[in-house]
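# Coordinates in review
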Amino acid sequence: MKSQKLKGFTLIEIITVLFVVSLGLIGVLSLIIQNIQSQSINRRSIIAYQLAQEGIELVRKTRDSNWANGDIWNKNLVSGSYYMDPLDSIPQFMASFDQATLYKNDDGLYVHEVSATPTPYKRIIVIDNLTAYSMRVYSRVVWSDRDKVFYYDLETLLYDWY
């Protein structure tokens, strides 16, 4: 009688296959985790960009309102550090960086009201009068994510061209 060889996998082959498959799964899972973290950072970066742009636009709004009211173009826009909300007519002088913290109100606006929902963002607006007819406006948004601090800076020049 001939001995029959049983076809099948040995224990070593099964362990090897499981090891290779688990290495592949670990790679895929780490890629998924990294993708989720990148999405969070990108989402916050976009919000920070929009908040920085809003800071510049708020100063521009004040300049344009000065013209519309017949005032000098840079009234209430002296050199210094400021904070400003969308419904403010003029920038507010910033005495400390704690005043830069932004909160989200019930209307979805980012404001400096402590009674609203806290956000990770802080915005500072710096005005630097260069000449009697020009100023530099600098808007910086700072936030932290996973123990890292991020910045988004925008800068523009405004002129008395009216």
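To be clear, the structure that these remarks concern was listed above.
### Regarding the overall build of the protein chain
- In terms of regular secondary structure, the protein chain is built from 1 helix and 7 strands.
- For the protein chain, the succession of helices and strands along the chain, N to C, is α-β-β-β-β-β-β-β.
- For 162 residues, the compact-globule estimate of 2.2 N^0.38 gives 15 Å, and the C-alpha radius of gyration of the protein chain, at 28 Å, exceeds that figure by more than 25%.
- The C-alpha extent of the protein chain, read off along each of the three principal axes, is 115 × 35 × 25 Å.
- Each of the 162 residues in the protein chain was classed as buried or not, and the buried ones make up 33%.
- Look at the contacts in the protein chain between residues 6 or more apart in sequence, and 48% of them connect residues 24 or more apart.

### As for the pairing of strand S1 (residues 80-83)
- In terms of strand pairing, S1 meets strand S5 (residues 117-131) through 3 bridges, oriented antiparallel. Paired with Ser81 across the two strands is Val126, which belongs to S5.
- Here S1 pairs with strand S2 (residues 92-93) via 2 bridges, running antiparallel. Looking at S2, one finds that Tyr83 is bridged to Gln92.

### Here's the deal with the nonpolar core
- Among the nonpolar cores identified, the biggest contains 24 residues, and Leu51, Val59, Tyr121, Met135, Val137 and Val141 are the most heavily contacted of them.
- Secondary structure elements with two or more residues in this core: helix H1 (11-68), S5, strand S6 (134-145) and strand S7 (148-159).
- Ranked by residues supplied to this core, first place goes to H1 with 8 residues.
- When residues no more than four places from it in sequence are discounted, the contact partners of Val137 are Ile56, Val59, Ile125, Val126, Leu154, Glu155, Thr156 and Leu158.

Conventions adopted
- Residues numbered from 1 in each chain as written.
- Predicted model: local features only at pLDDT ≥ 70, side-chain atom pairs only at ≥ 80, totals over all residues.
- Heavy atoms only, no water.
- Helix = DSSP H or I, 4+ residues; strand = E, 2+ residues; numbered from the N terminus.
- Rg over C-alpha atoms; globule rule 2.2 N^0.38 Å.
- Buried < 20%, exposed > 50% of the residue type's maximum accessible area, 1.4 Å probe, protein only.
- Contact = heavy atoms within 4.5 Å.
- Pairing = 2+ DSSP bridges.
- Core = buried A, V, L, I, M, F, W, Y, C linked by side-chain atoms within 4.5 Å.

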